Amino acid sequence: MFDETFRKMAVELSYAKGSVQEAAYELGIDSSRITKWRQTHKSPGQLTTTANGLTQEQQLIRRLQKELKEAELERDILKKAVSIFSKGDRKSSDL
């Protein structure tokens, strides 16, 4: 009767409200339905953990932080190279 999108939305709403009853009242459905749907859907806070104890989200954050550091390092190296070459160009043009 209810599609998957609606069920997920109802579950998320119940977590956001902190109450199955409030969400059910707002949506005009029986609270037992949302309770059942909550058992089959993970809450936003219930992320799966991996072997090293980090959630997938935490692993993504770590990977992105590492990539950002590498990109910043590359940028800094390029800035220094441009600075060195632009100083060299000024000296040769002064001759």
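Peer 1: Looking at this structure, how should I read the overall build of the protein chain?
Peer 2: Secondary structure assignment for the protein chain yields four helices and zero strands. Taken from the N to the C terminus, the helices and strands of the protein chain come in the order α-α-α-α. With 95 residues in all, the protein chain has 16% of them scored as buried. Carbon and sulfur atoms make up 55% of the accessible area of the protein chain, which totals about 7,900 Å².

Peer 1: Looking at this structure, how should I read the packing of helix α1 (residues 4–17) against helix α3 (residues 31–40)?
Peer 2: If you want to describe how two helices pack, look at the angle between their axes and the distance between the axes. Here α1 crosses α3 at 95 degrees, and the two axes come no closer than 9 Å. What the angle tells us is that α1 and α3 run roughly perpendicular. Of the residues in α3, those touching α1 at F6, R7, A10, V11, S14 and Y15 are I34, W37 and R38. Counted by class, the contact of α1 with α3 contains six nonpolar, one polar and two charged residues.

Peer 1: What is the right way to look at helix α2 (residues 20–27) in this model?
Peer 2: At 3.6 residues per turn, the α-helix brings residues three or four places apart onto the same side. Where α2 is concerned, the buried positions are V20, A23 and A24. Each buried residue of α2 lies within a common arc of 100 degrees when the element is viewed along its axis, so the set occupies one face. Of the residues in α2, the exposed ones pointing more than 90 degrees away from the buried face are Q21 and Y25. Taken together, the buried residues of α2 touch α1 and α3. A distance of 3.3 Å separates the backbone nitrogen of Q21 from a side-chain oxygen at the start of α2, and that oxygen is part of S19. Directly beyond the C-terminal end of α2, a positive phi value near 70 degrees is found at G28.

Peer 1: Got a minute to help me understand the packing of aromatic side chains in this structure?
Peer 2: In this description, an aromatic ring pair is defined by two values, namely the gap between the centres and the angle between the planes. Going through the model one piece at a time under the given rule, you end up with three aromatic pairs. Seen in terms of ring centroids, F2 and F6 are 4.9 Å apart; in terms of plane orientation they differ by 15 degrees. Their pairing is stacked. With centroids separated by 6.1 Å and ring planes inclined at 90 degrees, the aromatic side chains of F6 and W37 adopt a geometry described as edge-to-face. Here W37 lies in helix α3 and F6 lies in helix α1, a separation of 31 residues in the sequence. Assessed through its relative accessible area of 9%, W37 is described here as buried. Through pairs of rings, three or more aromatic residues link up here, namely F2, F6 and W37.

Peer 1: Hey, could you run me through α1 in this one?
Peer 2: For α1, which comprises 14 residues, the first-to-last C-alpha distance of 20 Å matches the rise-based estimate of 20 Å (1.5 Å per residue) to within 8%. Restricting attention to buried positions, one finds in α1 the residues A10, V11, L13 and S14. Along the axis of α1, the buried positions cluster into a sector of 160 degrees, meaning they face one direction only. α1 presents T5 and A16 as exposed residues on the side facing more than 90 degrees away from its buried surface. Looking at the packing, one finds that the buried side of α1 touches α2 and α3. Positive backbone phi, approximately 80 degrees, marks G18, located one or two places after α1.

So, how was this worked out
Residues numbered from 1 in each chain as written. Predicted model: local features only at pLDDT ≥ 70, side-chain atom pairs only at ≥ 80, totals over all residues. Heavy atoms only, no water. Helix = DSSP H or I, 4+ residues; strand = E, 2+ residues; numbered from the N terminus. Buried < 20%, exposed > 50% of the residue type's maximum accessible area, 1.4 Å probe, protein only. Areas by Shrake-Rupley, 256 points an atom, 1.4 Å probe, with all protein chains shown as cover. Axes fitted to C-alpha atoms, helices over the stretch in contact; angles between N-to-C directions. Parallel < 35°, antiparallel > 145°, perpendicular 65-115°, else oblique. Contact = heavy atoms within 4.5 Å. Nonpolar A, V, L, I, M, F, W, Y, C, P; charged D, E, K, R; others polar. Arc of directions from axis to C-beta. Polar contact = N/O pair within 3.5 Å; in protein donor to acceptor, adjacent residues only side chain to side chain. Phe/Tyr/Trp six-rings, centres within 6.5 Å; stacked < 30°, edge-to-face > 60°. Expected span 1.5 Å × (residues − 1).

In short, shape yes, function no, at least from these values alone.
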